[in-house]
Structures are given as structure tokens and as C-alpha cells.
Amino acid sequence: MKRKYISLLAAAVAVISVFIAGCGNNTSESDNAANAQKTLIVGTEPTFPPFEFTENEKDVGFDIDLAQAVCDKLGYKMEVKNLGFDALIPALQSGQIDLIAAGMDATPERREQVSFTDVYFKGGYVVVVKNDNSTINGFDDLNGKTVAAQIGSKPADLAKEKGATVKEVDTNTQGWMELEAGTCDAVAIDQAVALYYLQQGGKDKLKLVGEPIVSRGVAMATSKDKPELTKDINKALQELKADGTYAKLYKKWFGTEPKE
């Protein structure tokens, strides 16, 4: 009997030990989950310098730096996902990405599909032609002309409104190639992107014409299902402007002080 009692006692101790060990592991896993850094997947289209582009196989640009600064403020690890511009909003709506940072204008049409943060850049849309072109001097001269513009962009819509035949391209790089090859008469594009390209050597062949059409403002986009994320990003943007980080990044990529 005594030997049987000891055996039963040993078995009971073993069961209790396993139970305690199991509880310890669960607590550890819970702690690890709590301490794991959250990831924010940022969608962008990397052919829109100086907002975003690829350099030495790395995504760089104003939007990339600003999104990283926002993530740092909010305690997120940033993951960048490159997509076609027209695929960004569908990707946001389907949950493939959490945020769009792609030089996107906060237009009324887009506001029906996504939520926008506060505007962080104000610019305009312009027309670029070859240096020897004397017939196109702005948007009003695009009627009947062939114009390259990125698919899904506001400059593409503006060119169509002016009566142009728009050759929609997937990337802005393709637009420059079309113009230099003579397969279109002009490119309609964001002013900051045009100026950057001309400064990088494009002015040897191309020129900007006419007055820019003022945009509604560039903002980051979030899902309508995540109002708290939009609120948090707006707070982070305000803090980045207050502590000088925003101005520093703006000057780094645009060469001037912020206009606002």
C-alpha cells in the first residue's frame, strides 16, 4: 500500500508540474505577443520622384521618409509594398495594405472610397513638352493632342477635359520615354515631379510650359474602416511639423522650405 501511495503521489506531482510549466509557457507567449512591434504596410508606386522612387534597389523619397517618421512616432515597423498607382485604392480596401503614401491627391472622387489624412503637400499639375515645341503652351492647348499621363491620375483627367487623347501609362518613367521618343505631344504630370526630372537632366530635351493647375492637396489614405488610424496619423503629422522633422524632410527632397 505504501509503495502504491508513493506512486500515486509522484504521478500527481508530475501532472501538477506539467500544468505549471504549461501556464508558464502561455504567459511567455502572451508577453511576447504584447511586446511584438506592430507592422504598418505602406502602399506606394515607386516611379514618382521626389515623392517615391527606387534607388540602389531601395525605396526612397519624401513620402517614404515621412511615412517612416509617422511609423516611428506611432511605434510601428514600416513595410513598403510597391503597386501600380491604380491598384493602390483597391489594395487598401481589400486589406492588403494599411496606408497609401504615394503623392495622392485627396480628390472628392477618392474620398468616396477611402479616408484621407490631413494634407501634407500642396502643389499643382503641369504640362511638359519638347524644347522645340512652340504650339503647346499649357493645358488650354492640349485639344486634339496626344498626351501621356499616368493611369488613374488627376493630370490624366485634366488632359481629357481639355480635349486631349490621353495615352495612359503605368509609370511616369514611361511618360518621359513616350515624349522623348515622339510618340506623344506632351506629358501631363505633377509639378514637383516634373521639376525634379528636369533638374536631373531632363531640361536638356524638355521644358515645362504654362501655369500649373493647383491641386487639392496631397494626403495619405487609410481605410474607412480604420478611423482611429487616421486620427493617430494626423496627430503624428502635427507633431512632426511642430518638432521640425517635416520641414527638414521637405527641404531634403524639394530644396526649399515648406510653403505652409
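Above this text sits the structure in question.
First, a word on scope: everything that follows refers to the structure included in this document.

**Re the nonpolar core**
Consideration 1: Core analysis: the largest hydrophobic core is formed by 45 residues, its most contacted members being Phe62, Leu66 and Met220.
Consideration 2: The greatest single-element share of this core, amounting to seven residues, is contributed by helix H2 (residues 62-74).
Consideration 3: When near neighbours in sequence (up to four residues on either side) are disregarded, Leu66 contacts Tyr120, Met220, Leu237, Leu240, Tyr246 and Leu249.
Consideration 4: Counting 16 residues, the second largest nonpolar core, distinct from the first, contains Ile136, Ala149, Ala186 and Ala188.

**Side note on the sheet that holds strand S8 (residues 124-130)**
Consideration 1: Across the sheet, five strands lie side by side as S10-S9-S11-S8-S12; this open sheet has mixed pairing. Each edge of the open sheet carries a strand with a single partner, namely strand S10 (165-169) and strand S12 (206-214). When the angles between neighbouring strand axes are averaged without regard to direction, this sheet yields 30°.
Consideration 2: The strands touched by helix H5 (residues 154-161) within the sheet are S8, strand S9 (146-150), S10, strand S11 (186-190) and S12, with S10 carrying the most contacts at an inclination of about 165°.

**What to know about the packing of aromatic side chains**
Consideration 1: Considering all chains together, one arrives at 15 aromatic pairs under this definition.
Consideration 2: Measuring from centroid to centroid gives 6.4 Å for Phe51 and Phe62, while their planes differ by 70°, and the two rings are edge-to-face. Placement of Phe51 in the loop between strand S2 (47-48) and strand S3 (52-55) and of Phe62 in helix H2 is noted, with a sequence separation of eleven residues between them. The residues Phe51 and Phe62 share a single accessibility class, namely buried.
Consideration 3: Here the aromatic rings of Phe51 and Phe121 are separated by 5.0 Å at their centres, their planes lie at 90°, and the arrangement is edge-to-face. Residue Phe51 is found in the loop between S2 and S3, and its partner Phe121 is found in the loop between strand S7 (115-116) and S8; the two are separated by 70 residues along the sequence. In this structure, Phe51 and Phe121 share a single accessibility class: buried.
Consideration 4: Put simply, the rings of Phe48, Phe51, Phe62, Tyr120, Phe121, Tyr246, Tyr250 and Phe254 touch in pairs and so form one group of aromatic residues.
Consideration 5: The lysine or arginine in question, Lys38, covers the ring of Tyr76, its NZ or CZ lying 4.6 Å from the ring centre.
Consideration 6: One cation-aromatic arrangement involves Lys241 over Tyr246; the distance from NZ or CZ to the ring centre is 5.1 Å.

**Structural notes on the pairing of strand S1 (residues 38-44)**
Consideration 1: In the sheet, S1 pairs with strand S5 (residues 76-82) via seven bridges, with the strands oriented parallel. Pairing of Thr39 across the sheet is with Lys77, part of S5.
Consideration 2: As judged from the two bridges shared by S1 and strand S6 (residues 99-100), these two strands associate in the parallel manner. The residue of S6 that forms the bridge with Val42 is Leu99.

**So, the packing of H2 against helix H9 (residues 245-254)**
Consideration 1: At a minimum axis distance of 10 Å, the contact between H2 and H9 shows a crossing angle of 165°. The orientation of H2 with respect to H9, classified from their angle, is roughly antiparallel. Taken as a pair, H2 and H9 cross one another with a handedness that is right-handed. Seen from H2, the contacting residues are Phe62, Asp65, Leu66 and Ala69; seen from H9, they are Thr245, Tyr246, Leu249, Tyr250, Lys252, Trp253 and Phe254.
Consideration 2: A class-by-class count of the residues in the contact of H2 with H9 yields eight nonpolar, one polar and two charged.

Reading guide: rules and limits
- Think of each chain on its own: its residues are numbered from 1, step by step along the sequence as written.
- For this predicted model, a pLDDT threshold of at least 70 governs which residues receive local features, and a threshold of 80 or more governs which side-chain atom pairs are given and counted, while totals over whole chains, interfaces and linings are taken from all residues.
- Neither water nor hydrogens contribute to the side-chain values; these are computed over all heavy atoms in the structure.
- Think of a nonpolar core as a cluster: buried Ala, Val, Leu, Ile, Met, Phe, Trp, Tyr and Cys residues, connected wherever their side-chain atoms sit within 4.5 Å.
- Exposure classes here rest on a 1.4 Å probe applied to the protein chains alone. A residue is buried below 20% of its type maximum, exposed above 50%, and partly exposed in between.
- Each helix is a run of H or I in the DSSP string that is no shorter than four residues. Each strand is a run of E no shorter than two, and both are numbered from the N terminus.
- Only heavy atoms enter the contact rule, under which two residues are in contact if any of them lie within 4.5 Å.
- Strands are labelled as partners when DSSP assigns at least two bridges between them.
- Helix axes use the C-alpha atoms of the stretch in contact, all axes being lines fitted to C-alpha atoms, and the angles between their N-to-C directions lie in the range 0 to 180 degrees.
- Only Phe, Tyr and Trp rings take part, Trp by its six-membered ring, and two of them pair if their centres are within 6.5 Å. Stacked means planes under 30 degrees apart, edge-to-face means over 60, and tilted covers everything else.
- To sit over a ring, a charge needs its Lys NZ or Arg CZ within 6 Å of the ring centre and within 35 degrees of the ring normal.
- Throughout this description, any angle smaller than 35 degrees is read as roughly parallel, any larger than 145 degrees as roughly antiparallel, any in the 65 to 115 degree range as roughly perpendicular, and the remainder as oblique.
- Note on convention: near helix rotated counterclockwise from far helix by under a right angle means a left-handed crossing. Clockwise means right-handed.
- Polar here means any residue outside two lists: the nonpolar Ala, Val, Leu, Ile, Met, Phe, Trp, Tyr, Cys and Pro, and the charged Asp, Glu, Lys and Arg; Gly therefore counts as polar.

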